[in-house]
Amino acid sequence: MSESFPRLHARTRRFTLGVPRGFTISPDGSRVVFLRTRSGSDPVTCLWEFDVAGGGERLIADPRALDAGEEDLPPEERARRERSREQAGGIVGYSTDGAVTTAVFTLAGGLYAVDLKTAGVRRLATSGPVIDPRLSPDGSYVGYVTGGAFHVQSLADEVDHVLARPEGPGVTYGLAEFIAAEEMSRMRGHWWSPAGDAVLVERADESAVQEWFVADPANPSRPAVPQRYPAAGTPNAKVELFVLGLSGSRVQVPFTDEYLVNARWDAHGLAIVTLSRDQRSMRLLRVDPATGESALVREDTDDAWVEIVTGVPGHLSDGTLVWVADSDGGRRLVIGDEPATPPTLQVREVLDIDGDTVLFRASGGDPAEIAVWAYRDGRITLVSPPESGVYNGRTAGGTLVLVGQTLDSEGPQVQVLHHHRPRGHIASHAERHGLDLRVSLIRTGERELSTAVILPSGHVPGSARLPVLMDPYGGPHAQRVLAASGAYLTSQWFADQGFAVVVADGRGTPGRGPEFERAVLHDLAGPVLDDQVDALHGVAERFPDDLDLSRVAIRGWSFGGYLAALAVMRRPDVFHAAVAGAPVTDWRLYDTCYTERYLGQPEEGHYDASSLFADAEKLDRPLLLIHGLADDNVVAAHTLRLSSALLSAGRPHNVLPLSGVTHMTPQEVVAENLLLLQVDFLRRSLGIG
């Protein structure tokens, strides 16, 4: 008997195991270093290298050969992996020197260095568990964090120096604070100088951040875990910057804004990007590392918020600034002071800068498609294939690693090209999902919303009206509708249980331009819910004989869970049952950077309209609330408080608490049974036999 999809989905960590990732290309373009597990069910990530000229690959480091156990991860590393949504174990991150001849990584808190030419691995002696090691450009030193202190160790003689120690509880040097990692995609807190003689280091002081406690009710003998959580309207961690010299010098780099967005230290100098607390002003500053004094390079402002774009700032070979900014209705690549892309091309991120070539991702007329483009000498060219899909890439030394997935491909395909000539593929070992995808991408509704319709694999169009399952995320900064097969595996499985599944990206989601994204300003409920209803009705018009609008359910996780609960409370005329996983129920309980970007400060009066509590008495449809009790992102208090409000209003509902489970639900048995329990609940709620 073949393995069920829920079991396979859980065992393969959502089919992410075995997929190559984390690419680093050597400066001459001759080698590509990357991460990959040995198979689609092996959770232990190894370090590999691909030879561009010969087209072959070799294993560099296997954690199993190093006898390091994952159970010994330090708490800071577990938190870092939770922030990055890391699914696997083993070598999940690494750093190289500038020449890509040496790499360093951690295993179970131990620090390891590997010679990429010989594949010789050695463990370096440290005074404690290591977090985020990074090599100096010349490969002589590795900087890392242990116990909140920032260390530098010489690889030649393993002599260790502490450049900064925490002055008290709640202080760390060299690590990205919670907000940077969770909401700004900044996972690092230290940056080497090009000469390797100094490091820019973040000092984060969380002592003013309110302390919460994440308990484990299933094990009352265990003490609650304290956590500093900056909820909306409360203090953030105080972030400072220092240039620490290997000689012992210490120079502060003052800045006035609340948030440190990014830093870049390259041959053209040291630059930092800061963001005001209200996120309406972003500043790019050039810093003199000898004095700490800074000069304003540019300031971007917006009446709603300034978008954070990864990959910038950067520089061309002559020092010309590479930036991304909103203008004329589009998010545009900026070279120097001039936009280099049309406003119809929405830039997603800058991937790499190789001399005078800028590699970036962008969406054109269809937000479901994300292509890779290159800028050079005033022109932009399409790098990825013209075929509709979702593409990513890296480039250096004339070598391009192009990762692509389409609706017709099963999983990502990784191609390596050198000076535009194919040099082979880096193999993916991901398991085959075994589903017969029946996905139609359409634009529907009043605003031509990007929408996917997924029908059962055996369904004959027009033969029967099926109960409908809306399966959105629906919130800002994330898409569910993509021209990639991997986006619909779970949705297809739900469809094969007898549903017509509809996935719609409404206002607030990326890829359609700043105006579409900013439509949720001061209201995270109304526009997103209206667009789900609009998309549903639009799909019903396109598929009148396939959708039964008298049986409509909705499910989601995180913001999608919030949207699912919102739907059955505010629009019971449309939605007849909901599964809400890890929902944000009161935005006062969510973090500062995300929540205040859209709703401002709590005293401004925009929170109650987006809260679920005032709608508790309206619930008269089946609602299943699911929440991991160890969730440190959307804490379980969200679900527990909503449940209390529903109970006070006398409204029946179901609550499924998941002991020891975080926001990611990585546990295999939990992930499998969650799918089965949701289908059972939806069938019973909609009266499906």
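Note that the structure is predicted; figures quoted are calculated from it, not measured.

Q: Quick question: what am I supposed to make of the overall build of the chain here?
A: Along the chain, the regular secondary structure elements total eleven helices and 44 strands. A globule of 689 residues ought to have a C-alpha radius of gyration of about 26 Å, and the chain, at 25 Å, matches this closely. Taken along the three principal axes of its C-alpha coordinates, the chain extends 70 × 55 × 55 Å. For the chain, restricting intrachain contacts to residue pairs at least 6 apart in sequence, the fraction spanning at least 24 positions comes to 59%. Across the chain, the centroid of the 64 positively charged side chains sits 3 Å from that of the 91 negatively charged ones.

Q: Just to check I follow, could you spell out the sheet that holds strand 34 (residues 399-405) for this structure?
A: Sheet strands associate in pairs through backbone hydrogen bonding, adopting either a parallel or an antiparallel arrangement. Reading across from one edge, 33-34-35-36 is the order of the four strands in this open sheet, with antiparallel pairing throughout. Both edges of this open sheet fall to strand 33 (390-396) and strand 36 (421-426), since each of them pairs with a single strand only. Shown here is a sheet whose adjacent strand axes are inclined to one another by a mean of 20°, direction ignored. Sheet topology places strand 33 next to strand 34; seven bridges connect them, and they run antiparallel. Along strand 34, the bridge assignment pairs Tyr 391 with Gly 404.

Q: Sorry if this is basic, but what is going on with empty space enclosed by the protein here?
A: In this approach, a probe sized like a water molecule rolls over the atoms, and the result shows the empty space that is left. Throughout the structure, instances matching the rule amount to five cavities of 30 Å³ or more. Size it by volume and the largest cavity reaches roughly 60 Å³. Across the lining of the largest cavity, the residue classes break down as six nonpolar, one polar and two charged.

Q: Sorry if this is basic, but what is going on with the packing of helix 7 (residues 526-542) against helix 8 (residues 559-570) here?
A: For any two helices packed against each other, the geometry is given by the interaxial angle and the distance between the axes. Contact geometry for helix 7 and helix 8: axes closest at 10 Å, N-to-C directions at 75°. Comparing the axis directions of helix 7 and helix 8 gives the class roughly perpendicular. Only Phe 559, Leu 563, Leu 566, Ala 567 and Arg 570 of helix 8 make contact with helix 7, whose side of the interface consists of Val 528, Leu 529 and Gln 532. Among the residues forming the contact of helix 7 with helix 8, the class breakdown is six nonpolar, one polar and one charged.

Q: I would appreciate a short explanation of helix 10 (residues 637-648) in the present structure.
A: Each α-helix winds once per 3.6 residues, and so residues spaced three or four apart point in a common direction. Helix length check: helix 10, at twelve residues, gives a terminal C-alpha distance of 16 Å against a target of 16 Å (1.5 Å per residue), a fit within 8%. Taken residue by residue, helix 10 has His 638, Thr 639, Leu 642, Ser 643 and Leu 646 as its buried positions. For helix 10, the angular spread of buried residues about the axis comes to 125°, placing them on one side. Exposed residues lying more than 90 degrees from the buried face of helix 10 are Leu 647 and Ser 648. In this structure, the buried side of helix 10 is in contact with helix 8, strand 43 (623-628) and strand 44 (654-658).

Q: How should I be thinking about the pattern of salt bridges in this particular structure?
A: If charged atoms from side chains of opposite charge come close, those side chains can pair. Taken as a whole, this structure holds 42 salt bridges when the rule is applied. Arg 203 is the partner of Glu 240 in a salt bridge, and the nearest nitrogen-oxygen pair spans 3.0 Å. Pair noted here: Glu 240 is in strand 19 (residues 238-245) and Arg 203 is in strand 16 (residues 198-205), with a separation of 37 residues, a long-range link. The exposure class assigned to Glu 240 is buried, which follows from its relative accessible area of 15%.

Q: Is there a simple way to think about the packing of aromatic side chains in this case?
A: The geometry of two aromatic rings is summed up by the distance between their centres and the angle between their planes. Tallying each qualifying case throughout the model produces 18 aromatic pairs. Considering the side-chain rings of Phe 105 and Tyr 112, the 5.6 Å spacing of their centres and the 10° angle between planes classify their relative orientation as stacked. Accessibility classification places Phe 105 together with Tyr 112 in one group, the buried group. The ring of Trp 48 carries Arg 36 above its face, with NZ or CZ at 4.3 Å from the centroid. Between Arg 250 and the ring centre of Phe 242, over which it is positioned, the NZ or CZ distance is 4.1 Å.

Q: Which parts of the structure should I look at to understand the pairing of strand 35 (residues 413-418)?
A: Side-chain positions along a regular strand alternate between the two faces of the sheet. Here six bridges tie strand 34 to strand 35, and the two strands are oriented antiparallel to one another. Looking at the pairing, Val 401 lines up with Val 416 of strand 35. One ladder, built from five bridges, connects strand 35 with strand 36; its direction is antiparallel. In the strand pairing of strand 36, His 418 is matched with Arg 421.

Q: Could you clarify how one ought to interpret helix 5 (residues 489-496) in this entry?
A: In terms of burial, helix 5 is a largely internal element, seven of the eight residues being buried. Considered for burial, the residues of helix 5 that qualify are Leu 489, Thr 490, Ser 491, Gln 492, Trp 493, Phe 494 and Ala 495. Two residues or fewer after helix 5 comes Gly 498, characterised by a positive phi angle close to 115°.

Conventions used here
Residues numbered from 1 in each chain as written. Predicted model: local features only at pLDDT ≥ 70, side-chain atom pairs only at ≥ 80, totals over all residues. Heavy atoms only, no water. Helix = DSSP H or I, 4+ residues; strand = E, 2+ residues; numbered from the N terminus. Rg over C-alpha atoms; globule rule 2.2 N^0.38 Å. Contact = heavy atoms within 4.5 Å. Lys, Arg positive; Asp, Glu negative; His and termini not counted. Charge placed at Lys NZ, Arg CZ, Asp CG, Glu CD. Pairing = 2+ DSSP bridges. Axes fitted to C-alpha atoms, helices over the stretch in contact; angles between N-to-C directions. 1 Å grid on protein atoms, 1.4 Å probe; cavity = no way out; pocket = protein on both sides within 12 Å on 5 of 7 lines; lining within 4 Å. Points joined across faces, edges and corners; volume = space filled by probe spheres on them. Nonpolar A, V, L, I, M, F, W, Y, C, P; charged D, E, K, R; others polar. Parallel < 35°, antiparallel > 145°, perpendicular 65-115°, else oblique. Expected span 1.5 Å × (residues − 1). Buried < 20%, exposed > 50% of the residue type's maximum accessible area, 1.4 Å probe, protein only. Arc of directions from axis to C-beta. Salt bridge = Lys/Arg side-chain N within 4 Å of Asp/Glu carboxyl O. Phe/Tyr/Trp six-rings, centres within 6.5 Å; stacked < 30°, edge-to-face > 60°. Lys NZ or Arg CZ within 6 Å of the ring centre and 35° of its normal.

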